[in-house]
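Close look at the chain arrangement
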Amino acid sequence: MPSVIAEVTETASTTNVVEESNESSSDDSDDEEESLRCIDNMPLLEGIRYWALSTNASIPSINKVLRLFQKTNAKVPKTAETLFKTNRVPAVIKESGGGQFWYNGIRKSLLTCVRNKKLCVDQIFINVSIDGLPLHKCGSTQFWPILFNIHDMPQVPVMTAAIFCGVQKPTSVEEYLRPMVQEINWLNEHGLEINGKHIGIKLRAVIADTPARAFIKGVIGHTGYSSCLKCTVEGSYHRAGRTVVFPGINAERRTDKSFRDGEYPEHTRMMTPLLDLRSFDIIEDVVVGDRLHLIDLGVMKRMLVGWLEGSLGNKKLSAVQISDMMNAMGRIKLPFEIHQEKVHPSTSPRRRQLMNDLVRKTDEKFDHLETSWNRNNTGGRSRP
């Protein structure tokens, strides 16, 4: 496991340009033209770095190109390691919270990423993002990275402040967040000297999905009766829907002061280092605009399951209708961050995975219901 996180930390420390790709050939040509214009305005070394990272060039290929430039008496490094200023000092990875924890730092990442950029502002605002993701389809090893970006500079890639690696989420929110909180407070007070200019650093928001929000704030999970992060509404169990619902829209809003004063004992589970952030509102500055879980994996998933099962007042979809739906989903243009398979969209494994999983889970659900009916009503005999 240490070798895995060490490899990622080295990549996170040296990579400053994000490779982007698009589906259509016309988009590819536009991107290529834009890349060429971008390189025209770069110094030689920065242009070589951009080429190497954007084309995913191998170390031997980069070294050969540098050798060719040296033959023209250009002042370039001899090796790719020197070109990227790879840190020779091993990354400090410590045991923490039930796993390994590497803290790269916000200051270090900012200085590395914007060292050759001219900043026209006196203050920048950063967004911090926290989430967990599995490393493998099989196995429990997972990453919990702390990422951040500059809100007013979307062209600057997302940077890595820290990575936790373990078989579950960090067991200690204190050990996980304390280094980041201390550094943000220091940056808030002192700022940074970037390319000879003093720049103020402010935290704008902390972004996380629903489970991660509950973890970093030290509150109960989203299925609890007092789990609403924004108001004091008390939830109740809805038997028909088999879920917790929150009735009404006029409940008293939660406030930063009341949270800090401990006025929500039914809502909070533990103290969180986020309370020590200066000029930070624990209620308003941890945003809840969670499209992934509210819409994509929330409402949309329920609708797909309802159409498949026929539980939304409609007939259960036929095999032909399911096939047509798969083909329609296959024609949807995916964001450039998602790997594009070199196959026909309708037969792409990634495109078909969601619908196949829904069909499988629906079939398993009906099989389970039928087995239970047979056991309870026929003494184990097959249903007539």
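Residues numbered from 1 in each chain as written. Predicted model: local features only at pLDDT ≥ 70, side-chain atom pairs only at ≥ 80, totals over all residues. Heavy atoms only, no water.

This part covers the overall build of the chain. Helix and strand counts for the chain come out as 12 helices and 10 strands. Per-residue burial for the chain yields a buried fraction of 35% across its 384 residues. (Helix = DSSP H or I, 4+ residues; strand = E, 2+ residues; numbered from the N terminus. Buried < 20%, exposed > 50% of the residue type's maximum accessible area, 1.4 Å probe, protein only.)

Per the counting criterion, the structure on display carries eight salt bridges. The salt bridge partner of arginine 49 is glutamate 46, with a shortest N-O separation of 3.0 Å. With arginine 49 and glutamate 46 both in helix α3 (residues 44-54) and three residues apart, this pair spans about one turn of that helix. Overall, glutamate 46 belongs to the partly exposed group, its relative accessible area being 22%. Connected through shared salt-bridge partners, Glu174, Arg178 and Asp276 make up one network. (Salt bridge = Lys/Arg side-chain N within 4 Å of Asp/Glu carboxyl O.)

Here we come to the side chain of lysine 230. Relative to the elements of secondary structure, lysine 230 occurs in the loop between α8 (210-217) and β9 (236-238). The charged side chain of lysine 230 is buried without a salt bridge, its nearest counter-charge being glutamate 284 at 4.2 Å. Of the polar contacts made by the side chain of lysine 230, one reaches the backbone oxygen of isoleucine 283; its length is 2.5 Å. Beyond its immediate chain neighbours, meaning those up to four positions away, lysine 230 contacts Arg253, Arg254, Ile283, Glu284, Val286 and Val288. (Lys, Arg positive; Asp, Glu negative; His and termini not counted. Polar contact = N/O pair within 3.5 Å; in protein donor to acceptor, adjacent residues only side chain to side chain. Contact = heavy atoms within 4.5 Å.)

Time to look at helix α7 (residues 173-190). When the terminal C-alpha atoms of α7 are compared, their 26 Å separation across 18 residues agrees well with the 26 Å that a helix rising 1.5 Å per residue should span. Taken as a whole, α7 has its buried residues at Val173, Tyr176, Leu177, Met180, Val181, Glu183, Ile184, Asn185 and Leu187. Once α7 ends, the next one or two residues include glycine 191, with phi positive near 70°. (Expected span 1.5 Å × (residues − 1).)

Further remarks concern the environment of tyrosine 50. Along the chain, tyrosine 50 turns up in helix α3. With relative accessibility at 17%, the residue tyrosine 50 sits in the buried group. A C-alpha to C-alpha distance of 7.7 Å links tyrosine 50 and isoleucine 39, two positions 11 residues apart in sequence.

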